[in-house]
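# Chain and residue survey
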Amino acid sequence: MQKVTSLPTEQLINELQSFGVRLVDPKVGLESRRGGAGPSDHKAVTIDGMTVMVPVHTAPAFDSPYLVEKPDIDGTSRISRDGTILGEVTFPLRPRFYERSTTDGIPYSKIAVLHGRDVLATTILQTCIRYQSRTKTCQFCAIGQSLAAGRTIAHKTPEQLAQVAKAAVELDGVKHMVMTTGTPRGDDRGASILAESARAVKAAVDLPIQAQCEPPEDDIWFSRMKQAGIDALGMHLEAVTPHVRARVMPGKAQVSIEKYFASFKAAVPVFGRGQVSTYILAGLGDTREEILDICARLVAIGVYPFVVPFVPISGTPLESHPAPGSGFMHSILAPLARMLVESGLKAVDIKAGCGKCGACSALSSYERMLTK
Ligand code: SF4
């Protein structure tokens, strides 16, 4: 495919994730992710061979200088900036497993969805103890929106997940799976339900799995999750300084950064160096230096810090908060990628999960540029 612009790919990805894109045909490609846990209001787009999630439904995207035209007969669309054609992009096709339903009649697409190019992603519990009250909810999260809109179900059973995972591997060649969950009541913070789900999936199909949860109270859950078949673990800080965490995630901020670090240190020997990761949303108020400082601490203990640009999701309290500029992202991701490559913690070596997928950030493109 024709190379897109003379701008280095990683910087173009920063630009697109910062501005979003306008689509002449909003129906092109896969249904965009709207609502749900984690980043949302995106669409998967393949640029220079890399599939990335680009905002299409956010406020900045409606005014983006980037425009994607209707695809031609081969499914290729031209992308332009302020009227100048930059090159071509494509969109991943609708996966075949979306056509199926479970034996109890639930469409597979309500159980798990395709993320990026080859990742199966599910939110096992679509409810969260922190989402019930406006004073506790993470301000960037839309976990309840897709449930309210009927696009998913509240609780995916291990049997349903196993059926969908097997089909996604056999029909669509999915390569790894992300299991996240809203936080339930109880000290395990969701580890138990993640473990039982992973066990069922692994019994049905050989698929690397990343689980994502808050740090469980007891570290014993790390070996239980590992024994159940979970290959990699994400425990997501989201923001890195106490004042920003208290402002944007007042409930989850009660779990201190120190607790996260104690859990990271306990989890790395179980899952391995580079197989424990955290998600950091840049653009919520933490400075470049604060983010890079904590990344250096994480890398030193073998944790992969997956830094992604914050996306203001419609319908959340932060929908009008600006997305970070591409220059800000470049100023973090370029030195972070150097730090990761020099320490031997690379996205390509992660067995499963967001860091491996990399579609929500340009970070892995920066790593690739350094290791070419
Ligand atoms: S990085 Fe994570 S949240 Fe983003 S598309 Fe990939 S699997 Fe999904």
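Below, the structure is looked at part by part. (Residues numbered from 1 in each chain as written. Predicted model: local features only at pLDDT ≥ 70, side-chain atom pairs only at ≥ 80, totals over all residues. Heavy atoms only, no water.)

## Looking at the overall build of the chain
- Scanning the chain from N- to C-terminus turns up 12 helices and 13 strands.
- A compact globule built from 372 residues would reach a C-alpha radius of gyration of about 21 Å, and the chain, at 19 Å, matches this within 12%.
- Reported as C-alpha extents along the three principal axes, the dimensions of the chain are approximately 55 × 50 × 40 Å.
- Expressed as a percentage of contacts within the chain between residues at least 6 apart in sequence, the contacts between residues at least 24 apart total 70%.
- Here the chain displays about 14600 Å² of accessible surface, and carbon together with sulfur accounts for 52% of that area.
- Charge-centre separation for the chain: the mean point of 41 positive side chains lies 2 Å from the mean point of 37 negative side chains. (Helix = DSSP H or I, 4+ residues; strand = E, 2+ residues; numbered from the N terminus. Rg over C-alpha atoms; globule rule 2.2 N^0.38 Å. Contact = heavy atoms within 4.5 Å. Areas by Shrake-Rupley, 256 points an atom, 1.4 Å probe, with all protein chains shown as cover. Lys, Arg positive; Asp, Glu negative; His and termini not counted. Charge placed at Lys NZ, Arg CZ, Asp CG, Glu CD.)

## Quick word on the pairing of strand S8 (residues 119–123)
- For S8, the buried fraction is high: 5 of the 5 residues fall into the buried class.
- In S8, alternate side chains face the same way, and those of Val119, Ala121 and Thr123 on one face and Leu120 and Thr122 on the other are all buried.
- Across 3 bridges, the pairing between strand S7 (residues 113–115) and S8 is antiparallel. By the bridge assignment, histidine 115 is partnered in S8 with valine 119.
- Hairpin connection of S7 to S8: 3 residues between the antiparallel strands, including glycine 116 at a positive phi of 55 degrees.
- Pairing analysis gives 5 bridges linking S8 to strand S9 (residues 176–180), with the strands arranged parallel. Each bridged residue has a counterpart across the sheet, and for threonine 123 the counterpart in S9 is threonine 180. (Buried < 20%, exposed > 50% of the residue type's maximum accessible area, 1.4 Å probe, protein only. Pairing = 2+ DSSP bridges.)

## Describing the packing of helix H10 (residues 326–343) against helix H12 (residues 363–371)
- One way to put it is that H10 packs onto H12 with a least axis distance of 9 Å and a crossing angle of 55 degrees. Put simply, H10 runs oblique to H12. Considering only the axes of H10 and H12, their crossing is right-handed. Taking contact as the criterion, the partners of His330, Leu333, Ala334, Leu336, Ala337, Arg338, Leu340 and Val341 in H10 are, on H12, Leu363, Tyr366, Glu367, Leu370 and Thr371.
- Along the lines of polarity and charge, the residues of the contact of H10 with H12 split into 9 nonpolar, 2 polar and 2 charged. (Axes fitted to C-alpha atoms, helices over the stretch in contact; angles between N-to-C directions. Parallel < 35°, antiparallel > 145°, perpendicular 65-115°, else oblique. Left-handed = near helix turned anticlockwise from the far one by under 90°. Nonpolar A, V, L, I, M, F, W, Y, C, P; charged D, E, K, R; others polar.)

## Quick word on the site of the ligand
- Taken together, 10 residues form the shell around the ligand, and within it Met53, His115, Cys354, Cys357 and Cys360 come nearest.
- Taken together, the residues of the shell around the ligand sort by class into 8 nonpolar, 1 polar and 1 charged. (Near = heavy atom within 4 Å.)

## Observations concerning the packing of aromatic side chains
- In the structure shown here, the tally under the stated rule is 5 aromatic pairs.
- Considering the side-chain rings of tyrosine 260 and phenylalanine 264, the 6.1 Å spacing of their centres and the 55 degrees angle between planes classify their relative orientation as tilted. Pair noted here: tyrosine 260 and phenylalanine 264 are both in helix H8 (residues 257–271), with a separation of 4 residues, about one helical turn. Each of the two residues, tyrosine 260 as well as phenylalanine 264, counts as buried.
- Summarising the aromatic geometry, the rings of phenylalanine 261 and phenylalanine 264 are spaced 5.8 Å apart at their centres and angled 85 degrees between planes, so their arrangement reads as edge-to-face. Placement of both phenylalanine 261 and phenylalanine 264 in helix H8 is noted, with a separation of 3 residues, approximately one turn of the helix. The pair phenylalanine 261 / phenylalanine 264 is uniform in exposure class, with both members buried.
- An aromatic cluster of three or more residues is present, and its members are Tyr260, Phe261 and Phe264.
- Positioned over the ring face of tryptophan 221 is arginine 224, at 4.6 Å from the centre of the ring.
- Here arginine 297 stacks its cationic end above the ring of phenylalanine 261, 4.1 Å away from the centre of that ring. (Phe/Tyr/Trp six-rings, centres within 6.5 Å; stacked < 30°, edge-to-face > 60°. Lys NZ or Arg CZ within 6 Å of the ring centre and 35° of its normal.)

## Examining the sheet that holds S7
- Spatially, the 7 strands line up as an open sheet ordered S7-S8-S9-S10-S11-S12-S13, and their pairing is mixed. The sheet terminates laterally at S7 and strand S13 (303–309), the two strands that pair on one side only. Put simply, the sheet's adjacent strands are angled 30 degrees from each other on average, direction ignored.
- Helix H5 (residues 191–204) contacts S9 and strand S10 (209–212) of the sheet and is inclined by roughly 155 degrees relative to S9.
- Against the sheet, H10 touches strand S12 (276–282) and S13, its axis set at about 160 degrees to S13.

## As for unusual backbone geometry
- In the Ramachandran plot, aspartate 82 falls in the positive-phi region, its phi being about 45 degrees despite a non-glycine side chain.
- Within the element layout of this structure, aspartate 82 appears in the loop between strand S5 (76–81) and strand S6 (84–90).
- Judged by its relative accessible area of 58%, aspartate 82 falls in the exposed class.
- Of note in the backbone geometry, arginine 189 takes a positive phi value of approximately 60 degrees without being a glycine.
- By secondary structure assignment, the location of arginine 189 is in the loop between S9 and H5.

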